[in-house]
Amino acid sequence: MSSEFNQVNKLKKTPPQNENFSGSSPLQIAEGVIKSSRVKDISSDGKFIERLIKISRVTKVTKGGKKLSFRAVVVIGNENGKVGVGVGKAEDVVNAFKKAKTNGRKNLIQIPLTKSLTIPHPIIGDVGACKIILKPGVEGSGVMAGGAVRTVLEVAGIKNIIAKQLGSDNLLNNARATIVALESLVTRKEVDRRLDIQTSTK
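Residues numbered from 1 in each chain as written. Predicted model: local features only at pLDDT ≥ 70, side-chain atom pairs only at ≥ 80, totals over all residues. Heavy atoms only, no water.

(A) Local environment of the pattern of salt bridges. Scanning the model with the defined rule gives 2 salt bridges in all. Note that Glu154 and Arg51 form a salt bridge whose closest N and O atoms lie 3.2 Å from each other. Here Arg51 lies in strand S1 (residues 49-62) and Glu154 lies in helix H4 (residues 147-156), a separation of 103 residues in the sequence. One salt bridge connects Arg150 with Glu154, and the closest N-O pair in it is separated by 3.0 Å. On the criterion of helical spacing, the pair formed by Arg150 and Glu154 is a turn pair, its members being 4 residues apart in helix H4. Bridged by salt links that share partners, the residues Arg51, Arg150 and Glu154 form one connected network. (Salt bridge = Lys/Arg side-chain N within 4 Å of Asp/Glu carboxyl O. Helix = DSSP H or I, 4+ residues; strand = E, 2+ residues; numbered from the N terminus.)

(B) Focus on unusual backbone geometry. Residues other than glycine seldom take positive phi values, yet Glu79 does so here, at roughly 60°. Tracing the sequence through the fold places Glu79 in the loop between strand S2 (65-77) and strand S3 (82-90). In this structure Glu79 comes out as partly exposed when scored by relative accessible area, which is 40%. (Buried < 20%, exposed > 50% of the residue type's maximum accessible area, 1.4 Å probe, protein only.)

(C) Spotlight on the sheet that holds strand S8 (residues 161-167). Taken together, 4 strands build an open sheet; the order of strands is S5-S6-S8-S7 and the sheet is mixed. Where the open sheet ends on each side, the last strands, each with one partner, are strand S5 (123-127) and strand S7 (143-144). Lying on the sheet, helix H5 (residues 171-183) is in contact with S5, strand S6 (130-136) and S8; it crosses S5 at an angle near 140°. (Pairing = 2+ DSSP bridges. Contact = heavy atoms within 4.5 Å. Axes fitted to C-alpha atoms, helices over the stretch in contact; angles between N-to-C directions.)

In structure tokens form, the structure reads like this:
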């Protein structure tokens, strides 16, 4: 009788897997999901693309044993000034990616771009121990960045920029610090409008 209960518990602990991705690594499964879902996103929402930053295994120790789940970090954007970072957790990679994609859509931001497809002014973004410095690049210089920062900038549609990462190497915090920096960008018209409001109130 005890052996039957043990077999039932083992079945409960094993996470469900998609039949189409059986025998594949978590990263290969996620890449397959991205390729299959990208066509749907283009037809429904107008050319939104996703880039997978990281998939990590998360183990939670409970009273009944260890519970294994996956966490996916995804960047979503339209390569025309809209970008967002999403995080999702689930018992299998496919659902983790879908949750991260949904979370990224909720956190989309609009950033101002110049004619040369760069940012209007230098900016610094901080999240935790991560610090990202962004500076406008000359036309033709390309995206001079690496890691999660480069992924966020490319999905946002920025073609010429210089970025420097300081502090922690955490991919999620680096991506969020880049989003914080991009969200703080202002255009010359916005600055002029704020100055007019301040002078009119004095």
